[in-house]
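As a plain string of letters, each chain reads:
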Amino acid sequence: MDFLNQSVFIKVKDNSVSKENFELLIDENLQLLKTHPQPSLDVLPKYYESDDYISHTDGKRSLFEKMYHFIKSYSLKKKVSLINSFHPEKGTLLDIGAGTGDFLATAKGNGWQTTGLEPSEKARNTAISKGVSFQNSIENIENQSFDVITMWHVLEHVPDIEQQIKELKRLLKPNGTIIIAVPNFKSYDANYYGEFWAAYDVPRHLWHFSKISIQKLFASENMKLIKILPMIFDSFYVSLLSEKYKNGKMNFFKAFWIGFVSNLKAKRTLEYSSHIYVLKNQ
């Protein structure tokens with residue numbers, strides 16, 4: 001994706017793995033941020049090489065990890081309820097970036113025919129032990145195979161967004177649904193923490209989305225944004241990590257307060273820490 005008339009929106013640091021510095025460039029038309037420089041595909045995996053990369057582990061070593069997994073178990077049920085609300089008859093479901101497989105395992109238990117895609121071998125092996133099935137690559141999947149495709153905090157990791165959206169369009173059935181969850185750089189907690197905002201997570205997050213960017217990017221493939229939902233817990237989780245990056249320690253009370261204020265302000269602005277976007281094939 002070419003960034004025309006690009007300018008630097010903010011300078012940020014990889015606080016969790018490499019400690020390297022990056023810039024976020026803004027496309028004013030799309031209201032989309034791009035991490036610069038973006039690591040090459042052969043180098044990118046090294047930025048995920050950390051035991052603290054929580055979506056690739058079932059670890060519950062610390063209070064933070066225990067809290068993460070407690071909230072995750074609640075969120076899993078809400079996610080399945082969401083897809084059921086659009087497809088009560090159930091059907092075929094693809095989860096891209098399936099991690100350790102908990103969402104697919106929950107959906108499978110609820111009657112869905114599930115398939116996953118996950119590049120991390122460690123996470124994939126954990127998911128397989130839970131009965132989750134995987135495809136080796138997205139290119140090998142037949143056209144119009146799925147009623148629902150989900151990407152829970154995954155689109156921001158994809159090097160080529162436009163090609164990814166074309167593939168989503170190809171795989172989706174004519175009346176199918178795509179559900180995307182991504183952080184929102186226009187939220188109060190993003191503005192409050194600035195360069196320390198944990199959801200920038202450079203360079204693992206290659207892109208940083210707004211409501212406008214999601215709508216415009218998917219409209220190019222004739223997919224309509226029909227609903228935007230808040231992810232209430234994300235403001236607390238992200239604020240907790242942001243406190244650690246900013247002040248060197250997790251200040252639970254401060255993080256809870258900023259997370260609370262962020263959600264409170266979002267009731268008026270509709271700019272939550274993260275959003276779930278529901279899109280329908282046209």
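Above this text sits the structure in question.
What counts, and where the lines are drawn
Residues numbered from 1 in each chain as written. Predicted model: local features only at pLDDT ≥ 70, side-chain atom pairs only at ≥ 80, totals over all residues. Heavy atoms only, no water. Salt bridge = Lys/Arg side-chain N within 4 Å of Asp/Glu carboxyl O. Helix = DSSP H or I, 4+ residues; strand = E, 2+ residues; numbered from the N terminus. Buried < 20%, exposed > 50% of the residue type's maximum accessible area, 1.4 Å probe, protein only. Expected span 1.5 Å × (residues − 1). Contact = heavy atoms within 4.5 Å. Polar contact = N/O pair within 3.5 Å; in protein donor to acceptor, adjacent residues only side chain to side chain. Pairing = 2+ DSSP bridges. Axes fitted to C-alpha atoms, helices over the stretch in contact; angles between N-to-C directions. Parallel < 35°, antiparallel > 145°, perpendicular 65-115°, else oblique. Left-handed = near helix turned anticlockwise from the far one by under 90°. Nonpolar A, V, L, I, M, F, W, Y, C, P; charged D, E, K, R; others polar.

## Here we look at the pattern of salt bridges
Argument step 1. Taken as a whole and judged by the stated rule, the model has seven salt bridges.
Argument step 2. The partner of Arg170 in a salt bridge is Glu167, and the shortest N-O contact between them spans 2.9 Å. Residue Arg170 and its partner Glu167 are both found in helix α4 (residues 161-171); the two are separated by three residues, about one turn of the helix.
Argument step 3. Assessed through its relative accessible area of 21%, Arg170 is described here as partly exposed.
Argument step 4. A single network of salt bridges, built from pairs that share partners, joins Asp14, Asp201 and Arg204.

## Overview of helix α8 (residues 252-269)
Argument step 1. Between its terminal C-alpha atoms α8 stretches 25 Å, which fits the 26 Å expected from 18 residues at 1.5 Å a residue.
Argument step 2. Inspection of α8 places Ala255, Ile258, Gly259, Val261, Ser262, Asn263 and Ala266 among the buried residues, and these make up the whole buried set.
Argument step 3. Elements that come into contact with the buried residues of α8 comprise α5 (188-193) and α7 (234-247).
Argument step 4. If you check the start of α8, you find a side-chain oxygen 3.3 Å away from the backbone N of Phe253, and it comes from Asn251.

## Quick word on the sheet that holds strand β1 (residues 7-13)
Argument step 1. The four strands are arranged β1-β2-β3-β8 in an open sheet whose pairing can be described as antiparallel. What marks the edges here is a single partner per strand, and that holds for β1 and β8 (207-208).
Argument step 2. Of the pairings in the sheet, the one linking strand β2 (residues 21-27) to strand β3 (residues 32-36) comprises five bridges and is antiparallel in character. By the bridge assignment, Asp27 is partnered in β3 with Leu32.

## Section: the packing of α7 against α8
Argument step 1. It is at 8 Å that the axes of α7 and α8 come closest, and there the two elements cross at 135 degrees. Classed by the angle they form, the pair α7 and α8 counts as oblique. Crossing of α7 against α8: the hand is right-handed. In contact with Ser235, Phe236, Ser239, Leu240 and Glu243 of α7, α8 contributes Phe252, Lys254, Ala255, Phe256, Ile258, Gly259, Phe260, Ser262 and Asn263.
Argument step 2. Residue composition of the contact of α7 with α8, grouped by class: seven nonpolar, five polar and two charged.

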